[in-house]
Amino acid sequence: MGYKVAVVGATGNVGREMLDILAERAFPADEVVALASRRSQGQDVSFGDKILKVKVLDTYDFSDTDICLMSAGGEASKEWSPRIGQQGCVVIDNSSAFRYDSDVPLIVPEVNADAVEGFAKRNIIANPNCSTAQLVVALKPLHEAATIKRVVVSTYQSVSGAGKDAMDELFSQTRAVFTAGEVVTKKFTKRIAFNVIPHIDVFMEDGYTKEEWKMVAETKKMLDPKIKLTATAVRVPVFIGHAEAVNVEFERPLSPEQATEILRNAPGVLVIDKRENGGYMTPHEAAGEDATYISRIREDATVENGLNFWCVSDNLRKGAALNAVQIAEVLVNRKLLGKARPAA
């Protein structure tokens with residue numbers, strides 16, 4: 001007995017990662033279907049030791065499908081997720097299209113798995129922004145211990161968060177620098193090779209970018225609306241893996257030693273924090289890993305009850321594909337889906 005799962009956007013970075021993780025974690029699926037736009041029809045994608053032919057989203061019937069992992073961008077999701085949900089298939093959407101809807105749960109399983117119960121209103125569950133996902137995994141156990149008042153976070157986000165074209169641009173620009181060729185900028189507003197860009201997503205009226213606003217809104221929705229958070233989101237010339245420098249102010253005292261012990265016992269977290277050369281995690285080492293890594297835990301003596309830490313995770317996995325599959329696992333484990341269908 002198993003489920004039928006569709007992956008929409010199967011030829012993209014996150015879609016391929018979703019297929020890999022479904023296979024890695026032996027998700028109880030009798031059938032997995034790869035879907036994308038017409039231009040990708042017939043392409044091959046890997047699923048474990050199998051090769052799947054990509055089918056067209058436009059003509060696919062979801063009425064016998066249990067779960068749809070959606071990673072096709074916000075506009076496609078706005079068009080298709082409600083239609084798919086109406087056919088009885090639960091959509092787990094990786095875009096920002098429904099994250100802020102009050103009747104759509106926004107879920108990180110280590111943080112607020114119980115909120116998944118609300119999916120039945122629209123048969124849609126939202127996956128948070130990649131930079132938010134790893135942050136709240138780290139903040140949740142600390143908030144339970146000492147109640148967070150305020151968070152200041154600066155992100156160091158890899159180009160894979162902007163898609164395959166962004167990764168290609170970093171590669172081609174880096175090569176151009178070394179060969180004295182022309183550095184062509186298309187995906188980013190400025191050159192990304194050997195540079196950092198303090199601009200992710202569009203600018204808003206208050207001077208913050210949409211990416212920074214997402215971190216505020218999503219943390220409040222998933223963790224606690226009383227938490228004050230301010231963010232600066234920065235793109236860095238790294239292919240995979242987001243890093244964050246996090247400053248937290250608590251209502252009650254929490255020593256670095258106490259925080260370290262709490263985080264060591266927290267789900268989804270691994271603490272790598274030796275106060276010596278190389279005794280910390282970097283995006284390069286986190287790529288391909290499932291955990292959210294915490295390093296550099298130390299007191300901030302400039303505020304009462306303050307701590308600093310460094311947070312690193314693979315943005316394509318915990319920040320996107322892994323989190324979506326984990327949400328699907330919550331649905332299965334809590335028996336929230338319709339009756340499983342027998343294998344054909």
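Residues numbered from 1 in each chain as written. Predicted model: local features only at pLDDT ≥ 70, side-chain atom pairs only at ≥ 80, totals over all residues. Heavy atoms only, no water.

As annotated in an unreviewed UniProt entry, the protein chain is Aspartate-semialdehyde dehydrogenase from Methylorubrum rhodinum. Annotation of the protein chain in UniProt includes, under Function (unreviewed entry), the sentence "Catalyzes the NADPH-dependent formation of L-aspartate-semialdehyde (L-ASA) by the reductive dephosphorylation of L-aspartyl-4-phosphate." Within the UniProt record for the protein chain, the comment given under Sequence similarities (unreviewed entry) is "Belongs to the aspartate-semialdehyde dehydrogenase family." (UniProt positions renumbered as here; feature names shortened; annotations may be inferred.)

So, about the sheet that holds strand 5 (residues 55-56). Paired through their backbone hydrogen bonds, the strands of a sheet run either parallel or antiparallel. Taking strand neighbours across the sheet as the criterion, the six strands line up as 5-2-1-6-7-8 in an open arrangement whose pairing is parallel. The open sheet has two free edges, formed respectively by strand 5 and strand 8 (124-126), since each of these has just one partner strand. Along the sheet, helix 1 (residues 13-24) contacts strand 1 (3-8), strand 2 (29-36) and strand 6 (67-70); its crossing angle with strand 1, the most-contacted strand, is approximately 155°. Along the sheet, helix 9 (residues 317-333) contacts strand 1, strand 6, strand 7 (90-93) and strand 8; its crossing angle with strand 7, the most-contacted strand, is approximately 150°. (Pairing = 2+ DSSP bridges. Helix = DSSP H or I, 4+ residues; strand = E, 2+ residues; numbered from the N terminus. Contact = heavy atoms within 4.5 Å. Axes fitted to C-alpha atoms, helices over the stretch in contact; angles between N-to-C directions.)

Once that is clear, we can look at the sheet that holds strand 9 (residues 148-156). The strand order 10-9-11-14-13-12 describes an open sheet built from six strands, whose pairing is mixed. If you trace the sheet from one side to the other, it starts and ends with strand 10 (228-232) and strand 12 (269-271), each paired once. Pairwise comparison of adjacent strand axes, ignoring direction, gives a mean angle of 25° for this sheet. Pairing geometry for strand 11 (residues 242-250) and strand 14 (residues 306-313), over eight bridges, is antiparallel.

On the UniProt side, "binding site: phosphate" (unreviewed entry) is annotated at positions that read Arg99 here. Judged by its relative accessible area of 4%, Arg99 is buried. In contact with Arg99, other than residues within four places in its own chain, are Asn94, Leu106, Ala126, Asn127, Pro128, Asn129, Lys214, Glu218 and Lys221. A polar contact of 3.1 Å, which involves the side chain of Arg99, links it to the backbone oxygen of Ser95. (Buried < 20%, exposed > 50% of the residue type's maximum accessible area, 1.4 Å probe, protein only. Polar contact = N/O pair within 3.5 Å; in protein donor to acceptor, adjacent residues only side chain to side chain.)

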